[in-house]
Amino acid sequence: MPNSAKKPTIVVTRKLPDAVETRMMELFDARLNLDDRPMTPAELIEAVKVADVLVPTVTDRVDARILAQAGPQLRLIASFGTGVDHIDLATARQKGITVTNTPGVLTEDTADMTMALVLAVSRRLTEGERLVRSGTWEGWGPTLMLGHRIGGKRLGIIGMGRIGQAVAKRARGFGLSIHYHNRRRVHPDIEAELEATYWESLDQMLARMDVISINCPHTPATYHLLSARRLKLLRPTSIVVNTSRGEVIDENALARALAGREIAGAGLDVFEHEPAINPKLLELDNVVLMPHMGSATIEGRIDMGEKVIINIKTFIDGHTPPDRVLEQMF
(Lines give C-alpha, C1' and ligand atoms only; values in the text may rest on other atoms or scores of the structure.)
Protein backbone atom coordinates (compact mmCIF):
# COMPACT_ATOMS: atom_id res chain seq x y z
CA MET A 1 0.00 0.00 0.00
CA PRO A 2 1.40 3.42 -0.85
CA ASN A 3 2.68 5.55 1.98
CA SER A 4 0.94 8.68 3.16
CA ALA A 5 3.01 10.87 0.79
CA LYS A 6 0.89 9.66 -2.10
CA LYS A 7 -2.83 9.41 -1.80
CA PRO A 8 -4.03 5.86 -2.52
CA THR A 9 -6.16 5.35 -5.60
CA ILE A 10 -9.61 4.10 -4.65
CA VAL A 11 -12.25 3.10 -7.17
CA VAL A 12 -15.84 3.43 -5.95
CA THR A 13 -18.25 1.33 -8.00
CA ARG A 14 -21.53 3.14 -7.24
CA LYS A 15 -22.79 6.62 -6.35
CA LEU A 16 -22.50 7.20 -2.59
CA PRO A 17 -24.00 10.02 -0.47
CA ASP A 18 -22.43 13.39 -1.27
CA ALA A 19 -20.99 13.77 2.22
CA VAL A 20 -19.18 10.43 1.89
CA GLU A 21 -17.84 11.16 -1.58
CA THR A 22 -16.63 14.61 -0.52
CA ARG A 23 -14.66 13.10 2.37
CA MET A 24 -13.22 10.40 0.11
CA MET A 25 -12.05 13.06 -2.37
CA GLU A 26 -10.31 14.91 0.47
CA LEU A 27 -8.51 11.85 1.78
CA PHE A 28 -7.83 9.72 -1.29
CA ASP A 29 -7.34 9.79 -5.04
CA ALA A 30 -10.97 8.76 -5.45
CA ARG A 31 -12.42 7.61 -8.78
CA LEU A 32 -16.19 8.01 -8.36
CA ASN A 33 -19.16 6.64 -10.29
CA LEU A 34 -21.20 9.79 -10.68
CA ASP A 35 -23.93 8.36 -12.94
CA ASP A 36 -24.46 5.35 -10.63
CA ARG A 37 -24.57 2.84 -13.47
CA PRO A 38 -23.48 -0.60 -12.22
CA MET A 39 -20.05 -1.53 -13.50
CA THR A 40 -19.76 -4.28 -16.09
CA PRO A 41 -17.33 -7.17 -15.45
CA ALA A 42 -14.94 -5.57 -17.96
CA GLU A 43 -15.08 -2.27 -16.05
CA LEU A 44 -14.46 -4.07 -12.75
CA ILE A 45 -11.41 -5.74 -14.30
CA GLU A 46 -10.07 -2.34 -15.36
CA ALA A 47 -10.76 -1.05 -11.84
CA VAL A 48 -8.79 -3.81 -10.07
CA LYS A 49 -5.89 -3.27 -12.44
CA VAL A 50 -5.38 0.32 -11.24
CA ALA A 51 -6.93 0.58 -7.77
CA ASP A 52 -5.03 0.38 -4.51
CA VAL A 53 -8.45 -0.01 -2.87
CA LEU A 54 -11.68 -1.20 -4.47
CA VAL A 55 -14.92 -0.01 -2.87
CA PRO A 56 -17.65 -2.30 -4.29
CA THR A 57 -21.25 -2.82 -3.24
CA VAL A 58 -23.52 -5.86 -3.18
CA THR A 59 -24.35 -5.26 -6.86
CA ASP A 60 -20.74 -5.96 -7.90
CA ARG A 61 -19.69 -9.60 -8.31
CA VAL A 62 -16.00 -9.59 -7.46
CA ASP A 63 -15.34 -13.22 -8.35
CA ALA A 64 -12.21 -15.21 -9.10
CA ARG A 65 -12.25 -14.12 -12.75
CA ILE A 66 -12.19 -10.46 -11.73
CA LEU A 67 -9.59 -10.94 -9.02
CA ALA A 68 -7.31 -12.91 -11.37
CA GLN A 69 -6.81 -9.63 -13.28
CA ALA A 70 -6.00 -7.57 -10.18
CA GLY A 71 -2.73 -5.71 -10.20
CA PRO A 72 -0.22 -6.22 -7.38
CA GLN A 73 -1.12 -2.81 -5.95
CA LEU A 74 -4.66 -3.95 -5.01
CA ARG A 75 -4.37 -4.80 -1.33
CA LEU A 76 -7.79 -3.92 0.05
CA ILE A 77 -11.42 -4.44 -0.93
CA ALA A 78 -13.45 -2.15 1.35
CA SER A 79 -17.00 -3.22 0.59
CA PHE A 80 -19.88 -0.80 1.14
CA GLY A 81 -22.36 -3.13 2.84
CA THR A 82 -22.61 -5.93 5.36
CA GLY A 83 -22.96 -9.03 3.19
CA VAL A 84 -19.85 -10.26 1.39
CA ASP A 85 -21.31 -13.11 -0.68
CA HIS A 86 -20.55 -11.03 -3.80
CA ILE A 87 -16.80 -11.32 -3.13
CA ASP A 88 -14.71 -14.47 -3.60
CA LEU A 89 -13.09 -14.40 -0.17
CA ALA A 90 -10.90 -17.46 -0.77
CA THR A 91 -9.35 -15.99 -3.91
CA ALA A 92 -8.87 -12.64 -2.19
CA ARG A 93 -7.03 -14.35 0.65
CA GLN A 94 -4.85 -16.30 -1.78
CA LYS A 95 -3.86 -13.07 -3.48
CA GLY A 96 -3.14 -11.36 -0.17
CA ILE A 97 -6.05 -8.93 -0.50
CA THR A 98 -7.76 -7.85 2.73
CA VAL A 99 -11.56 -7.58 2.65
CA THR A 100 -13.64 -5.35 4.93
CA ASN A 101 -17.36 -4.67 5.26
CA THR A 102 -19.65 -2.33 7.22
CA PRO A 103 -21.41 -4.37 9.91
CA GLY A 104 -23.63 -3.02 12.64
CA VAL A 105 -24.74 0.25 11.09
CA LEU A 106 -27.61 -1.35 9.15
CA THR A 107 -29.05 -3.29 12.06
CA GLU A 108 -31.80 -0.94 13.19
CA ASP A 109 -32.87 0.08 9.67
CA THR A 110 -33.14 -3.53 8.49
CA ALA A 111 -35.05 -4.54 11.61
CA ASP A 112 -37.46 -1.65 11.01
CA MET A 113 -38.07 -2.87 7.47
CA THR A 114 -38.62 -6.41 8.71
CA MET A 115 -41.37 -5.29 11.04
CA ALA A 116 -42.82 -3.04 8.32
CA LEU A 117 -43.12 -6.08 6.05
CA VAL A 118 -44.64 -8.23 8.79
CA LEU A 119 -47.32 -5.58 9.28
CA ALA A 120 -47.76 -4.91 5.56
CA VAL A 121 -48.39 -8.57 4.77
CA SER A 122 -50.53 -9.29 7.83
CA ARG A 123 -52.71 -6.18 7.38
CA ARG A 124 -52.68 -6.21 3.55
CA LEU A 125 -51.35 -2.65 3.40
CA THR A 126 -50.17 -2.64 -0.20
CA GLU A 127 -53.40 -4.30 -1.38
CA GLY A 128 -55.37 -1.56 0.36
CA GLU A 129 -53.19 1.16 -1.14
CA ARG A 130 -53.70 -0.27 -4.63
CA LEU A 131 -57.47 -0.42 -4.03
CA VAL A 132 -57.58 3.28 -3.15
CA ARG A 133 -55.49 4.26 -6.17
CA SER A 134 -57.61 2.13 -8.51
CA GLY A 135 -60.62 4.36 -7.93
CA THR A 136 -62.86 1.37 -7.20
CA TRP A 137 -63.01 1.70 -3.40
CA GLU A 138 -66.64 2.28 -2.37
CA GLY A 139 -66.09 3.02 1.30
CA TRP A 140 -65.73 1.16 4.55
CA GLY A 141 -67.29 -2.26 4.98
CA PRO A 142 -67.24 -4.76 7.84
CA THR A 143 -65.61 -7.46 5.73
CA LEU A 144 -63.43 -5.24 3.52
CA MET A 145 -59.69 -6.03 3.34
CA LEU A 146 -59.64 -8.26 6.39
CA GLY A 147 -56.15 -9.12 7.54
CA HIS A 148 -54.79 -10.64 10.73
CA ARG A 149 -53.59 -9.11 13.99
CA ILE A 150 -50.03 -10.02 14.86
CA GLY A 151 -50.33 -9.81 18.65
CA GLY A 152 -50.23 -13.25 20.21
CA LYS A 153 -48.66 -14.87 17.15
CA ARG A 154 -45.39 -16.83 17.09
CA LEU A 155 -42.41 -15.35 15.26
CA GLY A 156 -39.64 -17.69 14.13
CA ILE A 157 -36.37 -15.88 13.42
CA ILE A 158 -33.81 -17.64 11.23
CA GLY A 159 -30.46 -16.14 12.19
CA MET A 160 -30.21 -14.58 15.66
CA GLY A 161 -27.34 -12.21 15.04
CA ARG A 162 -27.48 -8.43 15.49
CA ILE A 163 -30.38 -7.96 13.09
CA GLY A 164 -32.30 -10.98 14.33
CA GLN A 165 -32.06 -9.71 17.89
CA ALA A 166 -33.15 -6.22 16.84
CA VAL A 167 -36.17 -7.76 15.10
CA ALA A 168 -36.98 -9.74 18.25
CA LYS A 169 -36.93 -6.57 20.39
CA ARG A 170 -39.37 -4.85 18.07
CA ALA A 171 -41.59 -7.88 17.69
CA ARG A 172 -41.98 -8.22 21.45
CA GLY A 173 -43.43 -4.72 21.50
CA PHE A 174 -46.11 -5.90 19.07
CA GLY A 175 -46.99 -8.85 21.27
CA LEU A 176 -45.31 -11.60 19.25
CA SER A 177 -43.69 -14.51 21.05
CA ILE A 178 -40.07 -15.00 19.98
CA HIS A 179 -38.60 -18.24 18.66
CA TYR A 180 -35.35 -18.68 16.78
CA HIS A 181 -33.03 -21.06 14.97
CA ASN A 182 -29.33 -20.27 14.75
CA ARG A 183 -26.06 -22.04 14.04
CA ARG A 184 -25.26 -21.65 17.71
CA ARG A 185 -27.55 -20.96 20.61
CA VAL A 186 -27.21 -17.37 21.84
CA HIS A 187 -26.10 -16.49 25.37
CA PRO A 188 -28.69 -17.30 28.05
CA ASP A 189 -28.79 -13.63 29.06
CA ILE A 190 -29.88 -12.66 25.52
CA GLU A 191 -32.49 -15.41 25.50
CA ALA A 192 -33.82 -14.19 28.83
CA GLU A 193 -33.91 -10.55 27.74
CA LEU A 194 -35.79 -11.39 24.53
CA GLU A 195 -37.85 -14.18 26.13
CA ALA A 196 -36.73 -16.23 23.14
CA THR A 197 -37.15 -19.96 22.64
CA TYR A 198 -34.33 -21.79 20.83
CA TRP A 199 -35.11 -24.49 18.27
CA GLU A 200 -32.22 -26.76 17.35
CA SER A 201 -34.34 -28.20 14.54
CA LEU A 202 -35.28 -25.68 11.87
CA ASP A 203 -37.88 -28.09 10.48
CA GLN A 204 -39.66 -28.35 13.81
CA MET A 205 -39.68 -24.58 14.26
CA LEU A 206 -41.03 -23.90 10.79
CA ALA A 207 -43.98 -26.22 11.34
CA ARG A 208 -45.11 -24.31 14.43
CA MET A 209 -44.65 -20.62 13.55
CA ASP A 210 -47.10 -18.00 12.32
CA VAL A 211 -44.41 -15.65 10.98
CA ILE A 212 -40.95 -16.55 9.66
CA SER A 213 -38.29 -13.83 9.43
CA ILE A 214 -35.08 -14.60 7.54
CA ASN A 215 -32.13 -12.72 9.03
CA CYS A 216 -29.17 -15.00 8.30
CA PRO A 217 -26.41 -14.22 5.78
CA HIS A 218 -26.18 -15.95 2.42
CA THR A 219 -23.45 -18.59 2.53
CA PRO A 220 -23.06 -21.97 0.82
CA ALA A 221 -24.67 -23.47 3.94
CA THR A 222 -27.74 -21.19 3.74
CA TYR A 223 -28.35 -21.36 -0.02
CA HIS A 224 -32.02 -22.41 -0.44
CA LEU A 225 -32.23 -22.97 3.30
CA LEU A 226 -35.96 -22.52 2.82
CA SER A 227 -36.19 -25.22 0.20
CA ALA A 228 -39.33 -26.56 -1.46
CA ARG A 229 -39.43 -29.30 1.19
CA ARG A 230 -39.13 -26.87 4.08
CA LEU A 231 -41.72 -24.48 2.64
CA LYS A 232 -44.19 -27.36 2.70
CA LEU A 233 -43.70 -27.56 6.48
CA LEU A 234 -45.22 -24.12 6.95
CA ARG A 235 -48.80 -23.64 7.97
CA PRO A 236 -51.33 -22.37 5.41
CA THR A 237 -51.85 -19.32 7.66
CA SER A 238 -48.14 -18.48 8.02
CA ILE A 239 -46.20 -15.68 6.34
CA VAL A 240 -42.54 -15.38 5.35
CA VAL A 241 -40.49 -12.16 5.46
CA ASN A 242 -37.01 -11.91 3.95
CA THR A 243 -34.75 -8.89 4.46
CA SER A 244 -31.52 -10.89 4.25
CA ARG A 245 -30.58 -12.33 0.85
CA GLY A 246 -32.84 -13.73 -1.84
CA GLU A 247 -30.74 -16.86 -2.32
CA VAL A 248 -31.76 -18.16 1.12
CA ILE A 249 -35.21 -19.03 -0.29
CA ASP A 250 -36.00 -21.27 -3.25
CA GLU A 251 -37.89 -18.48 -5.00
CA ASN A 252 -39.68 -20.69 -7.52
CA ALA A 253 -40.94 -22.94 -4.74
CA LEU A 254 -42.04 -19.89 -2.74
CA ALA A 255 -43.99 -18.53 -5.73
CA ARG A 256 -45.73 -21.89 -6.13
CA ALA A 257 -46.60 -22.02 -2.43
CA LEU A 258 -48.01 -18.49 -2.50
CA ALA A 259 -49.99 -19.11 -5.70
CA GLY A 260 -51.45 -22.30 -4.26
CA ARG A 261 -52.23 -20.57 -0.94
CA GLU A 262 -50.12 -23.20 0.79
CA ILE A 263 -48.83 -20.26 2.82
CA ALA A 264 -50.75 -17.05 3.46
CA GLY A 265 -48.29 -14.44 2.28
CA ALA A 266 -44.76 -13.12 2.01
CA GLY A 267 -42.85 -9.84 2.31
CA LEU A 268 -39.68 -9.73 0.24
CA ASP A 269 -37.06 -6.99 0.18
CA VAL A 270 -34.51 -9.21 -1.58
CA PHE A 271 -34.66 -11.61 -4.51
CA GLU A 272 -32.73 -14.60 -5.75
CA HIS A 273 -31.70 -13.03 -9.07
CA GLU A 274 -31.73 -9.30 -8.33
CA PRO A 275 -32.65 -7.02 -9.94
CA ALA A 276 -34.74 -9.54 -11.90
CA ILE A 277 -37.98 -10.47 -10.16
CA ASN A 278 -39.63 -13.84 -10.62
CA PRO A 279 -42.60 -13.02 -12.91
CA LYS A 280 -44.78 -15.40 -10.92
CA LEU A 281 -44.33 -13.21 -7.85
CA LEU A 282 -45.38 -10.10 -9.75
CA GLU A 283 -48.76 -11.71 -10.51
CA LEU A 284 -49.62 -12.42 -6.87
CA ASP A 285 -51.56 -10.18 -4.50
CA ASN A 286 -50.42 -11.96 -1.33
CA VAL A 287 -46.79 -10.90 -1.57
CA VAL A 288 -45.32 -7.46 -0.79
CA LEU A 289 -42.32 -6.69 -3.00
CA MET A 290 -39.71 -4.06 -2.07
CA PRO A 291 -36.63 -2.99 -4.11
CA HIS A 292 -33.92 -4.04 -1.61
CA MET A 293 -34.45 -0.94 0.53
CA GLY A 294 -34.16 -2.42 4.02
CA SER A 295 -31.07 -0.37 4.80
CA ALA A 296 -32.07 2.63 2.68
CA THR A 297 -31.93 5.49 5.15
CA ILE A 298 -29.75 8.57 4.72
CA GLU A 299 -28.33 8.03 8.20
CA GLY A 300 -27.49 4.41 7.50
CA ARG A 301 -25.78 5.10 4.19
CA ILE A 302 -23.62 7.86 5.70
CA ASP A 303 -22.69 5.55 8.59
CA MET A 304 -21.71 2.88 6.04
CA GLY A 305 -19.53 5.36 4.17
CA GLU A 306 -17.80 6.45 7.36
CA LYS A 307 -17.03 2.82 8.17
CA VAL A 308 -15.54 2.32 4.70
CA ILE A 309 -13.34 5.39 5.17
CA ILE A 310 -12.17 4.24 8.61
CA ASN A 311 -11.33 0.79 7.24
CA ILE A 312 -9.30 2.31 4.39
CA LYS A 313 -7.46 4.81 6.60
CA THR A 314 -6.64 2.19 9.22
CA PHE A 315 -5.29 -0.17 6.56
CA ILE A 316 -3.21 2.56 4.90
CA ASP A 317 -1.71 3.40 8.29
CA GLY A 318 -0.50 -0.18 8.58
CA HIS A 319 -3.04 -1.46 11.09
CA THR A 320 -5.66 -4.18 10.91
CA PRO A 321 -8.92 -2.52 9.85
CA PRO A 322 -11.72 -2.83 12.43
CA ASP A 323 -14.12 -4.59 10.06
CA ARG A 324 -11.82 -7.12 8.45
CA VAL A 325 -13.73 -10.09 7.08
CA LEU A 326 -12.46 -13.61 7.62
CA GLU A 327 -13.78 -16.56 5.60
CA GLN A 328 -14.90 -18.48 8.67
CA MET A 329 -17.13 -15.60 9.71
CA PHE A 330 -19.54 -16.38 6.88
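Source: prediction; values computed, not measured.

Account for the UniProt feature "domain: D-isomer specific 2-hydroxyacid dehydrogenase catalytic" (unreviewed entry) in the protein, with residues named and values stated.
When the UniProt feature table is mapped to this numbering, "domain: D-isomer specific 2-hydroxyacid dehydrogenase catalytic" (unreviewed entry) covers residues 19–325. Between the end C-alpha atoms of residues 19–325 the distance is 25 Å, and the span holds 37% helix and 13% strand.

Any details on the UniProt feature "domain: D-isomer specific 2-hydroxyacid dehydrogenase NAD-binding" (unreviewed entry) in the protein? Residues and values, ideally.
In the UniProt entry, the feature "domain: D-isomer specific 2-hydroxyacid dehydrogenase NAD-binding" (unreviewed entry) is given for residues 115–294. For residues 115–294, the end-to-end C-alpha separation is 10 Å, with 33% helix and 16% strand making up the annotated structure.

Report on the pattern of salt bridges, specifying residues and quantitative values.
Where side chains of opposite charge bring their charged atoms close, a pairing between them can arise. The full count for this structure, using the stated rule, is 19 salt bridges. As a salt-bridge pair, Glu26 and Arg23 come within 2.9 Å of each other at their nearest N and O atoms. Here the residue Glu26 and the residue Arg23 both occupy positions in helix α1 (residues 18–27), the gap between them amounting to three residues, near one helical turn. Here Arg261 and Asp285 are joined by a salt bridge, their closest N and O atoms 2.9 Å apart. In this pair, Arg261 sits in the loop between α11 (251–259) and β11 (265–268) while Asp285 sits in the loop between α12 (279–282) and β12 (287–289), placing the two residues 24 residues apart along the sequence. Relative accessible area serves as the criterion here: at 48%, Arg261 is assigned to the partly exposed category. Since its relative accessible area comes to 36%, Asp285 is described here as partly exposed.

Tell me what's going on with the pairing of strand β9 (residues 211–214), and back it up with residues and numbers.
Side chains of β9 alternate between two faces, with Val211 and Ser213 and Ile212 and Ile214 buried alike. Pairing of strand β6 (residues 154–158) with β9, which is carried by four bridges, proceeds in the parallel orientation. Bridge pairing in β9 links Ile157 to Ser213.

Describe in detail the sheet that holds strand β1 (residues 9–12), supporting the description with residues and values.
Strand order in this open sheet of five strands is β2-β1-β3-β4-β5, and the pairing throughout is parallel. Edge positions in the sheet fall to β2 (29–31) and β5 (98–100), since each has one partner strand and no second. When the angles between neighbouring strand axes are averaged without regard to direction, this sheet yields 20 degrees.

How would you summarise a nonpolar patch on the surface if you had to cite specific residues and measurements?
On the surface, a cluster of nonpolar side chains totalling about 290 Å² of accessible area is made up of Val132, Trp137 and Leu144. Topologically, Val132 is positioned in helix α6 (residues 125–134).

Could you give an account of the domain arrangement of the protein, naming the residues involved and the relevant values?
It is common to give the size of an interface as the accessible area that goes away when the parts come together. If you check the domain split of the protein, you get domain 1 (7–100 + 296–327) and domain 2 (105–287). Taken over C-alpha atoms, the centre of domain 1 sits 31 Å from the centre of domain 2. The partner domain 2 presents six residues to the nine residues of domain 1 that form the contact. A combined buried area of about 670 Å² lies between domain 1 and domain 2, and 56% of that area is made up of carbon and sulfur atoms. Viewed at the interface, domain 2 and domain 1 are joined by one salt bridge. Between Arg245 and Asp85 there is a salt bridge, with its nearest N and O atoms 3.3 Å apart. Of the residues contributing to the side of domain 1 that touches domain 2, the split by class is two nonpolar, four polar and three charged.

Give a detailed account of the nonpolar core, specifying residues and quantitative values.
One finds Ile158, Ile212, Ile214, Val240, Leu258 and Leu268 to be the most contacted residues of the largest nonpolar core, which totals 28 residues. When contributions to this core are tallied by element, the ones reaching two or more residues are α9 (202–206), β9, α11 and β11.

Parameters at a glance
Residues numbered from 1 in each chain as written. Predicted model: local features only at pLDDT ≥ 70, side-chain atom pairs only at ≥ 80, totals over all residues. Heavy atoms only, no water. UniProt positions renumbered as here; feature names shortened; annotations may be inferred. Helix = DSSP H or I, 4+ residues; strand = E, 2+ residues; numbered from the N terminus. Salt bridge = Lys/Arg side-chain N within 4 Å of Asp/Glu carboxyl O. Buried < 20%, exposed > 50% of the residue type's maximum accessible area, 1.4 Å probe, protein only. Pairing = 2+ DSSP bridges. Axes fitted to C-alpha atoms, helices over the stretch in contact; angles between N-to-C directions. Patch = residues over 30% accessible without salt bridge, like charges linked within 9 Å, V, L, I, M, F, W, Y side chains within 5 Å. Areas by Shrake-Rupley, 256 points an atom, 1.4 Å probe, with all protein chains shown as cover. Domains from an automatic or database assignment. Contact = heavy atoms within 4.5 Å. Buried area = accessible area lost by both parts, 1.4 Å probe. Nonpolar A, V, L, I, M, F, W, Y, C, P; charged D, E, K, R; others polar. Core = buried A, V, L, I, M, F, W, Y, C linked by side-chain atoms within 4.5 Å.

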